[in-house]
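Coordinate inspection notes
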Amino acid sequence: MMKMHDAEPFSIAVALPTYLKSLVERMLQGVLHEQQAQGLHWHLCDTANADVTVRMLGNDSQGVSPNLLAEVRRSDGSVDVVTIEGPWRTGAMAAALVRIADLLRAQPTQDKSGLALQWLQRWCELRAQPNPPPVELRIGGRLAALLDTRHASMQVAGRGTAAAPEQFIAAMMHDGWSLQPAPVAAVPTTPTISLKPLLWQLGLQSGTLGALPALRSPGALRLKGWPYLAAGGHKSFGELIKHLRGGNNNRATLQTLALAPRTVVDGFLNACLVCEFFHERGAAVTVAAPAPTTTQTAYMTRSGDEQAIISAIRRTLGMSRP
């Protein structure tokens, strides 16, 4: 199973003037104890590298009940700042800690890209088998869905498991995941739904790390139609679709058109590939080289005419070619 990181329990430190520090810590102890019963795990500490550091907001140290801010240190080294208004109300502090926990659980973009690329590579390996088997998607060691590799569909296991792609991805990032051939007995009784929305999102996110191997050949790429999942996507998708429906284009030629950043183009192509929006590339059609310039065309035409005239003169004079 691939696990990105263990986040909890989160550590929280209080960096306030002495007269407020003990007060805030006592209040936090009560709030954190309540949140532990709700599945959020924290511990108070005094370390400089705590996940969360509570500080005074601005120059409000003389106020009767100053607002606070929380510096949230994420796993990629970035720091988010959350304002805690009315922190002396336990409800406001509890709500702020829930928002902060969501930030800490969210992985940086490069981790999403890595997960997406690994997931799609494993999916392509399983689908490439002579008789592709049903596949178990396990999240946190538990069966999350049964995937049909032939029809790109899935059955979600359990009523409590969310089927939205974003929620699947967030759960896989937090708890880890695996894709393995399913035993015959593993058949959820839930309705069958399309896997393509999840494949599409993974394809787009994987573009940061480049194109899948199947897209690196010189053969032309042709869309079967208008990919419905592209609706509402990057503004360049319309132009990319136009060039992939008419004309011979592949990844290399699309990149030279500079319609979008490389990561967007690769993500779009990855998504279209895994969702099977391209025609089969049986006998690969090599993309034509760029057309010669006007000067080159005129030179070739002139050279051909001159050669024809010279050949005619040789025949008239009875001269053979040297």
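Residues numbered from 1 in each chain as written. Predicted model: local features only at pLDDT ≥ 70, side-chain atom pairs only at ≥ 80, totals over all residues. Heavy atoms only, no water.

Turning to the packing of helix H5 (residues 196–206) against helix H8 (residues 262–274), a few remarks are in order. Where H5 meets H8, the axes come as close as 6 Å, and the angle between the chain directions of the two elements is 150°. Taken together, the axes of H5 and H8 are roughly antiparallel relative to one another. Handedness of the crossing formed by H5 with H8: right-handed. Seen from H5, the contacting residues are Leu199, Trp200, Gly203, Leu204 and Ser206; seen from H8, they are Gly267, Phe268, Asn270, Ala271, Cys272 and Val274. In terms of residue class, the contact of H5 with H8 is made up of seven nonpolar, four polar and no charged. (Axes fitted to C-alpha atoms, helices over the stretch in contact; angles between N-to-C directions. Helix = DSSP H or I, 4+ residues; strand = E, 2+ residues; numbered from the N terminus. Parallel < 35°, antiparallel > 145°, perpendicular 65-115°, else oblique. Left-handed = near helix turned anticlockwise from the far one by under 90°. Contact = heavy atoms within 4.5 Å. Nonpolar A, V, L, I, M, F, W, Y, C, P; charged D, E, K, R; others polar.)

Before going further, it helps to spend a moment on the packing of aromatic side chains. In the structure shown here, the tally under the stated rule is seven aromatic pairs. Arranged with centres 6.0 Å apart and planes meeting at 90°, the rings of Trp200 and Phe268 form a pair that is edge-to-face. On the criterion of sequence distance, the pair formed by Trp200 in helix H5 and Phe268 in helix H8 is long-range, its members being 68 residues apart. Accessibility expressed as a relative area gives 2% for Trp200, which makes it buried. A residue is classified by how much of its surface remains accessible, and Phe268, at 0% relative accessible area, is buried. Ring geometry for Trp200 versus Phe277: centroids 6.0 Å apart, planes at 55°, classification tilted. Residue Trp200 is located in helix H5, and its partner Phe277 is located in the loop between H8 and helix H9 (294–316); the two are separated by 77 residues in the primary sequence. (Phe/Tyr/Trp six-rings, centres within 6.5 Å; stacked < 30°, edge-to-face > 60°. Buried < 20%, exposed > 50% of the residue type's maximum accessible area, 1.4 Å probe, protein only.)

This brings us to the confidence of the model for the protein. The predicted model of the protein has a mean per-residue pLDDT of 79, with 75% of residues at 70 or higher. Per-residue pLDDT stays below 50 along residues 1–6; that stretch engages in 19 contacts with residues further than four places along the chain or on separate chains. Under a pLDDT of 50 for its full length, residues 282–303 has, in the predicted model, 15 contacts with residues more than four places off or in other chains. (pLDDT = per-residue confidence, 0-100.)

Attention now goes to the pattern of salt bridges. Close approach of charged atoms allows side chains with opposite charge to pair. Counted by the stated rule, this structure contains nine salt bridges. Here Arg122 ties to Glu125 by a salt bridge, and the two come within 3.4 Å at their closest N and O atoms. Of this pair, Arg122 and Glu125 are both found in helix H3 (residues 109–127), three residues apart, which corresponds to roughly one turn of the helix. We classify Arg122 as partly exposed; its relative accessible area is 23%. Residue Glu125 is classed as partly exposed on the basis of its relative accessible area of 49%. Among the ionic contacts, a cluster of salt bridges with common partners joins Lys21, Glu25 and Asp46. (Salt bridge = Lys/Arg side-chain N within 4 Å of Asp/Glu carboxyl O.)

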